[in-house]
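Listed below are the residues making up each chain.
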Amino acid sequence: MIDEVEETSGNEAEDGRPFLPNHLVEELGVVFLVTGVILVLASLGRVEALRMPHIFFAGTLGMMRGVAPWFATIVLMVLVIFLVALPFLDKSEEPHPLKRKLFVLIILAVIAMWIAFTIMGF
Amino acid sequence: MAEERSRVSGLIFRMGSIFTRSRDWIISRSGLEEMIKETEEKKVPKHALNPMFCLGGVTLVALILLGLTGLFLDSYYEPSDVEEMTDVSRAKLSIQRIVNEVPFGFYVKSVHSWAANVMVITILLHTLRVFATGSYKNPRELTWLIGVLLLVFTFTFLTTGYVLLDDARSQSVVTTFSDLIYGIRDLPVIGGAFEWLSAWANDLFIGSPITGEGVLVRAHWIHTTALPLVTLVILLGHFYLIRKHGISGPL
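The structure presented is a predicted model; accordingly, all values stated were derived computationally and were not measured.

Procedures and definitions
- Residues numbered from 1 in each chain as written.
- Chains lettered and ligands numbered in written order.
- Predicted model: local features only at pLDDT ≥ 70, side-chain atom pairs only at ≥ 80, totals over all residues.
- Heavy atoms only, no water.
- Helix = DSSP H or I, 4+ residues; strand = E, 2+ residues; numbered from the N terminus.
- Areas by Shrake-Rupley, 256 points an atom, 1.4 Å probe, with all protein chains shown as cover.
- Patch = residues over 30% accessible without salt bridge, like charges linked within 9 Å, V, L, I, M, F, W, Y side chains within 5 Å.
- Salt bridge = Lys/Arg side-chain N within 4 Å of Asp/Glu carboxyl O.
- Buried < 20%, exposed > 50% of the residue type's maximum accessible area, 1.4 Å probe, protein only.
- Contact = heavy atoms within 4.5 Å.
- Buried area = accessible area lost by both parts, 1.4 Å probe.
- Polar contact = N/O pair within 3.5 Å; in protein donor to acceptor, adjacent residues only side chain to side chain.
- Phe/Tyr/Trp six-rings, centres within 6.5 Å; stacked < 30°, edge-to-face > 60°.
- Lys NZ or Arg CZ within 6 Å of the ring centre and 35° of its normal.
- Axes fitted to C-alpha atoms, helices over the stretch in contact; angles between N-to-C directions.
- Parallel < 35°, antiparallel > 145°, perpendicular 65-115°, else oblique.
- Left-handed = near helix turned anticlockwise from the far one by under 90°.
- Nonpolar A, V, L, I, M, F, W, Y, C, P; charged D, E, K, R; others polar.

Bringing the overall build of chain A into the picture now. Regarding its fold elements, chain A presents 4 helices and 1 strand. The N-to-C order of helical and strand elements in chain A reads β-α-α-α-α. As displayed, chain A has an accessible area near 7700 Å², and 73% of this comes from carbon and sulfur atoms.

The grouping of L108, I111, I115 and I119 of chain A together with I121, L125 and L128 of chain B at the surface amounts to a nonpolar patch, some 600 Å² of accessible area in total. Broken down by element, the nonpolar patch gets its largest block of residues, 4 residues, from helix α4 (residues 101–121) of chain A. Mapped onto the secondary structure, L128 of chain B falls in helix α5 (residues 105–132). Relative accessible area serves as the criterion here: at 36%, L128 of chain B is assigned to the partly exposed category.

Let's shift gears to the interface of chain B and chain A. How big an interface is tends to be reported as the loss of accessible area on association of its parts. Each partner contributes to the interface: chain B provides 65 residues, whereas chain A provides 65 residues. Buried surface at the junction of chain B and chain A, summed over both partners, amounts to about 5700 Å²; 70% is from carbon and sulfur atoms. Taken together, chain B and chain A are joined by 1 salt bridge. Linking D90 of chain A and K137 of chain B is a salt bridge whose minimum nitrogen-to-oxygen distance equals 2.9 Å. Viewed at the interface, chain A and chain B are joined by 13 residue pairs in polar contact (both at pLDDT 80 or more). Among the elements of the structure, α2 (33–41), β1 (43–44), α3 (55–74), α4 (90–100), α5, α6 (141–164), α7 (168–185) and α9 (213–245) of chain B are those that each provide at least two residues to the side of chain B that touches chain A. Of the residues forming the side of chain B that touches chain A, the biggest block, 15 residues, is contributed by α5 of chain B.

The next subject is the packing of aromatic side chains. Evaluated as defined, the whole model comprises 6 aromatic pairs over all chains. Where F71 of chain A meets F117 of chain A, the ring centres are 6.0 Å apart and the plane angle is 55°; that geometry is what we call tilted. With a gap of 46 residues between them, F71 of chain A in helix α3 (residues 69–89) and F117 of chain A in helix α4 connect regions that are remote in the sequence. Ring geometry for Y136 of chain B against W144 of chain B: centres 5.4 Å apart, planes inclined by 55°, an arrangement best described as tilted. Neither residue differs from the other here; Y136 of chain B and W144 of chain B are each classed as buried. Taken together, the aromatic side chains of W70, F71 and F117 of chain A make up a single cluster linked through ring pairs. One residue, R100 of chain A, lies across the ring of F131 of chain B, its end atom 5.2 Å from the ring centre.

A separate point is the packing of helix α1 (residues 19–42) of chain A against α3 of chain B. How two helices pack is summed up by the angle between their axes together with the distance between the axes. Contact pair α1 of chain A / α3 of chain B: the axes reach a minimum separation of 10 Å and the direction vectors enclose 55°. One way to sum up the angle between α1 of chain A and α3 of chain B is to call them oblique. Where α1 of chain A crosses over α3 of chain B, the handedness of that crossing is right-handed. Contacts between α1 of chain A and α3 of chain B pair V30, V31, V34, T35 and I38 of chain A from the former with V58, V61, A62 and L65 of chain B from the latter. Split into classes, the residues belonging to the contact of α1 of chain A with α3 of chain B amount to 8 nonpolar, 1 polar and no charged.

Dropping the structure here:
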């Protein structure tokens, strides 16, 4: 059974601001700002972006060291499956996070767990 | 003097006329007219410039910077573990050459490194924002699914990028990845049934648990050819869906 797709025009903002030139100019401002920040960070002498053990891998390392490699494999697989399944599990039309307590709790638990394992992995 | 001035203004006018005619010719032949008209009439919701709604765009800027600096770095990088002197592979030597000898090499490598970190952080925050505002709900499920794929690709980019460094960090990343793949085999109860899968995946992606030529060549191919191509196609799909469904509403 295919769910009915909600009607969206893609340009739903009838009372919004014009894309040309207002929004485009502001978007370009953001582009220059981000590029500028990265260029300035890169010019701060011979400083590596982040030192090893790299913060993005530390969570996985923490799970491997703290529990077992197979645990890290399971957690990563379940996490990806959960993210893929999320729109089909959370069928409510309510966008506000406080009215989707279960899913918000799951995500908060995952973030808390990841921070804990990241600390362990360092 | 006045004659000279009128000659210059005439030249500018003729150049302007050539530009206008060229532009009109391209628009009429390419059928861009409708798209331009639609863009001119398009309105954007006021919350679109909220920093939390700009994170996808920031990720894109970082990705473009990564692509540009990556093209530069790849023209000097050699994915080979053949040692030219004791304990120094060609890959490592080529990185040293980029940093020490190539004009602006160190700076470009540094921009690549910072842009990668910015991209990972902003894509994670973007995912959290999409979750927080419930933007994955009907009718944007497919946009979310493609986004999850892009998130996985981002971490694959990060992993393979680290492997290419061919130093202590890449050894650590390869070992971690290898342990993750072998983790399938070590799963309690059902692990034995998937031993073939972990062996196959390890052979395909790593070849051996220490960084060797097989690993570097595979990682280089994935990092510079396979992933960029697939990411580009998927990214276009992501943009198409965002354009079709529009920016999701604020809370």
